[in-house]
Amino acid sequence: MLPIHHRTVQVRGHEIAYREAGPAGAPVLLLLHGFPTSSHMFRDLIPLLADDYRLIAPDHLGFGRSAAPSAADVDYTFAELAGLTSAFTEALGLERFALYIQDYGSPIGLRLALAHPERITAIISQNGNAYEEGLGAEAWAPVLALIAGRTPETEEPVRAIRSLDGIRWQYETGVPPEYRDLLSPDAWHHDAALMAREGQDAIQLGLIADYGSNFDLYPAFQEYFRTSRVPLLAVWGEGDQVFVPAGAEAFRRDLPDAEIHLLPTGHFALETHAPRIAALIGDFLARRVPLRP
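Predicted, not measured: the structure shown is a model, and the values here were computed from it.

Another point: the packing of aromatic side chains. One pair of aromatic rings is described through two measures. These are the centre distance and the angle between the planes. Applying the stated rule across the entire model yields 20 aromatic pairs. Judged by centre distance (6.3 Å) and plane angle (85 degrees), the ring pair of F63 and Y104 falls under edge-to-face. One end of the pair, F63, is in the loop between β4 (54-58) and α2 (78-91); the other, Y104, is in the loop between β5 (97-101) and α3 (105-115), with 41 residues separating them in the sequence. No difference in accessibility class separates F63 from Y104, as the two residues are buried. Relative to F251, the ring of Y131 lies with its centre 5.5 Å away and its plane at 90 degrees, an arrangement referred to as edge-to-face. Here F251 lies in helix α12 (residues 251-254) and Y131 lies in the loop between β6 (120-125) and α4 (137-148), a separation of 120 residues in the sequence. F251 shares its class with Y131; the two are buried. Linked through ring pairs, F35, F63, F78, Y104, W140, Y211, F215, Y218, F221 and F243 together constitute an aromatic cluster.

Grouped together as the largest cluster of nonpolar side chains are 69 residues, with contacts concentrated most on F88, I123, F225 and F251. Of the residues forming this core, the biggest block, six residues, is contributed by α2. Not counting chain neighbours up to four residues away, the residues in contact with F251 comprise S125, G128, A130, Y131, F225, L232, A234, W236, A258 and I260. Within the second largest apolar cluster, 29 residues are counted, among which are A21, L31, A274 and A278.

With that settled, consider helix α5 (residues 152-159). Within the span of α5, buried status applies to T154, E155 and V158. Buried positions in α5, seen along its axis, are confined to an arc of 100 degrees and lie on one side of it. Counted as exposed and oriented over 90 degrees from the buried face of α5: P152 and E153. Among the structural elements, α4 and α9 (200-209) are those in contact with the buried residues of α5.

Attention now goes to the pairing of strand β3 (residues 28-32). Extensive coverage of β3 is indicated by the burial of five of its five residues. Neither face of β3 is open: one carries V28, L30 and L32, the other L29 and L31, and all of them are buried. Here β3 pairs with β5 via four bridges, running parallel. Looking at β5, one finds that L29 is bridged to A98.

Turning next to the pattern of salt bridges. Overall, the coordinates contain 17 salt bridges when judged by the stated rule. A salt bridge links E20 to R7; the nearest nitrogen and oxygen atoms lie 3.0 Å apart. One end of the pair, E20, is in strand β2 (residues 14-21); the other, R7, is in strand β1 (residues 5-11), and 13 residues separate them in sequence. For R7, a relative accessible area of 33% puts it in the partly exposed group. In this structure, the salt-bridge partner of R287 is E259, at a minimum N-O distance of 2.7 Å.

Turning to the environment of P69, a few remarks are in order. Relative to the assigned elements, P69 resides in the loop between β4 and α2. The sequence separation of P69 and P275 amounts to 206 residues, and the corresponding C-alpha distance is 36 Å. Sequence-distant contacts of P69, that is, excluding residues within four places in its chain, are made with H14, L61, V74, Y76 and I203.

Calculation rules
Residues numbered from 1 in each chain as written. Predicted model: local features only at pLDDT ≥ 70, side-chain atom pairs only at ≥ 80, totals over all residues. Heavy atoms only, no water. Phe/Tyr/Trp six-rings, centres within 6.5 Å; stacked < 30°, edge-to-face > 60°. Helix = DSSP H or I, 4+ residues; strand = E, 2+ residues; numbered from the N terminus. Buried < 20%, exposed > 50% of the residue type's maximum accessible area, 1.4 Å probe, protein only. Core = buried A, V, L, I, M, F, W, Y, C linked by side-chain atoms within 4.5 Å. Contact = heavy atoms within 4.5 Å. Arc of directions from axis to C-beta. Pairing = 2+ DSSP bridges. Salt bridge = Lys/Arg side-chain N within 4 Å of Asp/Glu carboxyl O.

Spelled out as structure tokens, the structure:
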């Protein structure tokens, strides 16, 4: 088993932490995590693919082990995080790569694809949404209220999303009983501890309030799919109530050759189905993006 390295790099004056494994000359798979986690979510997937791919998983600014400067000093928007991710790939000399996108990683990665379509060899979307029909109505109600008008009253329900109970809900909801004991409580306690750090309230409220800017780009994302014909694999937890399965099925509207797999799990599908997802990714990339130096 190849080792996983835990590294940092300076990007636009910020220290960005990342995990890396796999041969230096292998095809690159860039792993972009979602809220409220970090590259920690890829801890089980990386070893399963590292023989054939160079896997790189950064922590977004404000998340994980990356720097988390005050929201008074940094504009925490998805445009900013996408720009930092682009600069991160350039700092590491990544010229072409496949994307693994989940939750927040989806609009960040797809913004990168819009800016540099020539760099993207394929997309793996694991509960990474790009369609309105993928939004779970109940889960999104407080977020949409915040986007419509940011006030103390609309902020308070959103704060609960990053509490220990709110984070645990994201991990457990939609996971069938037979898979529940595969969920490690370490995962949500890890995320909750990082979300409880000083300054996180302003950082996370700012990002959630900015999520509407991603909705504005959905038509552009969909046009990118149609014009690029990028190979796309959706491996989706069908019990996810944040990004529901309709979001996975919608990819076929713009990418008829998209490969869609709905798995019996929830929002954080890697927690229960990492070996299955690794096998699907390996098969997909081998067929659609053959290995090359």
